[in-house]
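# Examination of the molecular architecture
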Amino acid sequence: MNMDRIDTIQTNCQSEYDVLRKVIVCEPQFMAIDEIINDVQKKYKNDNINIDRALIQHNNFVAKMRDEGVDVITLVANSSFPEQVFTRDIGFTLGNQTFVSEMASSIRQGEETVLQKWLDTHHVPFQKLSQNHIEGGDVIIDGKTIYIGLSHRTSQSAIEQLKADLPDNEIIMVPFDPKYLHLDCVFNILSPTEALIFPEALEAQTLNFLASRYQLIKVSKEEQFTMGTNVLSIGNKKVFSLPMNHQVNEEIRRHGYEVIEVDFSEIIKSGGSFRCCTMPITRG
């Protein structure tokens, strides 16, 4: 989509698995590991990111989404933001309401201004979460239920504020080991009844609670490291996943899903995958 086109866009996201209609991405033109934030980046800090390879992989992912009928909107990449490719974190849409995140990490602060400019241009109303840190990777929606990870990037005060802003929703705080950065790196909903989970990152009480709501598909430690939990559902039981995550893909297929395998091996060096790189604004 041309950034200069001015029109009005209606946003609506009721889940993580309804048909994906419109999504916001950003090309990894200036992607780099500048600040070690997790074990994945620690492993690849000396290799860093091959920009040409990252761009090819990202462009292929975008092309595959468009082949599936998704309207892909591309934000302008800025050389000041080495992690701007991870658009999920800078905003999220809950129902008909779009929120712009308050970024916790200094390396990412300022990314939200690019998103705000696009939203303003297209007359999309939004609420700026300007007093409490919250990032979209910690926000997972399933109808009226919203799971929010308590992490180094999302504060309890931010979660309490969302509870006040969305009184008709069930807001559930999900504590997890913050070394995994965002909730969607350890928990991801595939359908009203199924979810991916990396059990080692959550306490027994939390696991038992989630198991009472979903059939949990376990992700191994090895495939969590290669972002096996961070798949992107686009509706109609279709899921984007990395070819290298054989066990996850086999298990998802066994549950009746079509797995669209796309090489994202360069992107995941910075600790994020398909879900991290997409900010849905319209589903259904």
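A quick note: this is a predicted structure, and the numbers were derived from the prediction, not measured.

## Thoughts on the sheet that holds strand β1 (residues 20-26)
The 3 strands are arranged β2-β1-β15 in an open sheet whose pairing can be described as mixed. Two strands bound the open sheet, and with one partner strand each, they are β2 (71-75) and β15 (279-283). Strand-to-strand twist across the sheet, computed as the mean angle between neighbouring axes with direction ignored, equals 20°. Where β1 lies against β15, 4 bridges are found, and the strand directions are antiparallel.

## Quick word on the sheet that holds strand β9 (residues 187-189)
One open sheet holds the 3 strands; their spatial order is β9-β10-β11, and the pairing between them is mixed. The open sheet terminates on both sides in strands that have one partner only, identified here as β9 and β11 (215-218). Across the sheet, the mean angle from the axis of one strand to that of its neighbour is 25°, orientation sign disregarded. Pairing of strand β10 (residues 194-197) with β11 involves 4 bridges; the strand directions are parallel. Across the sheet, Leu196 pairs through a bridge with Ile217, a residue of β11. Helix α5 (residues 204-211) rests against β9, β10 and β11 of the sheet, and its axis sits at about 125° to β11.

## So, the packing of aromatic side chains
The full count for this structure, using the stated rule, is 10 aromatic pairs. With a centroid separation of 5.1 Å and 80° between ring planes, the pair formed by Phe61 and Phe240 is classed as edge-to-face. Here Phe61 is found in helix α2 (residues 51-67), whereas its partner Phe240 is found in strand β13 (residues 238-241), with 179 residues between them in sequence. Both residues of the pair, Phe61 and Phe240, belong to the buried class.

## Considering the confidence of the model for the protein chain
With 93% of its residues at a pLDDT of 70 or more, the protein chain has an overall mean of 93. In this model residues 1-6 is a low-confidence stretch, pLDDT under 50, and it forms 18 contacts with partners more than four residues away in sequence or in other chains.

## Quick notes on unusual backbone geometry
Backbone geometry places His123, a non-glycine residue, at a positive phi of 55°. By the element assignment, His123 lies in the loop between α3 (111-121) and β5 (126-128). You will see that Lys237, though not glycine, has its phi angle at about 60°, which is positive. The residue Lys237 is located in the loop between β12 (232-235) and β13 in this model.

## Observations regarding α5
Turning to α5, its buried residues are Thr206, Leu207 and Leu210. With its buried residues spanning 100° around the axis, α5 presents them on a single face. With respect to the buried face of α5, the exposed residues turned more than 90 degrees away are Ala204, Gln205 and Asn208. Of the surrounding elements, those touching the buried residues of α5 are β7 (145-150), β8 (170-175), β9, β10 and β11.

## Some details on the pairing of β10
In β10, alternate side chains face the same way, and those of Glu194 and Leu196 on one face and Ala195 and Ile197 on the other are all buried. Pairing of β9 with β10, which is carried by 3 bridges, proceeds in the antiparallel orientation. In the sheet register, Phe187 faces β10, and the bridge partner there is Ile197. What sits between β9 and β10 in their antiparallel hairpin is a turn of 4 residues.

About the criteria used
Throughout, a residue's number is its position along its own chain's written sequence, starting from 1. Side-chain atom pairs in this predicted model are given and counted only at pLDDT of 80 or more, local residue features only at pLDDT of at least 70, and totals for whole chains, interfaces and linings cover all residues. As a rule here, side-chain values cover all heavy atoms of the structure and leave hydrogens and water aside. Here a strand pair is declared whenever DSSP counts at least two bridges between the two strands. Under the DSSP-based scheme used, a helix requires at least four consecutive residues in state H or I and a strand at least two consecutive residues in state E, with every element numbered from the N terminus. The axes are straight lines fitted to the C-alpha atoms, using for helices just the contacting stretch, and the angles between their N-to-C directions are given from 0 to 180°. Throughout, a contact is declared for two residues whenever any of their heavy atoms are within 4.5 Å. Working definition: a ring pair exists when centres of Phe, Tyr or Trp rings (six-membered ring for Trp) sit within 6.5 Å. Plane angles under 30 degrees give stacked, over 60 give edge-to-face, the rest tilted. Throughout, exposure labels follow a simple rule: accessible area from a 1.4 Å probe, protein chains only, divided by the maximum for the residue type, with under 20% read as buried, over 50% as exposed, and the rest as partly exposed. Note: pLDDT gives the predictor's confidence per residue, expressed from 0 to 100. Here, the arc refers to the directions that run from the helix axis to the C-beta atoms.

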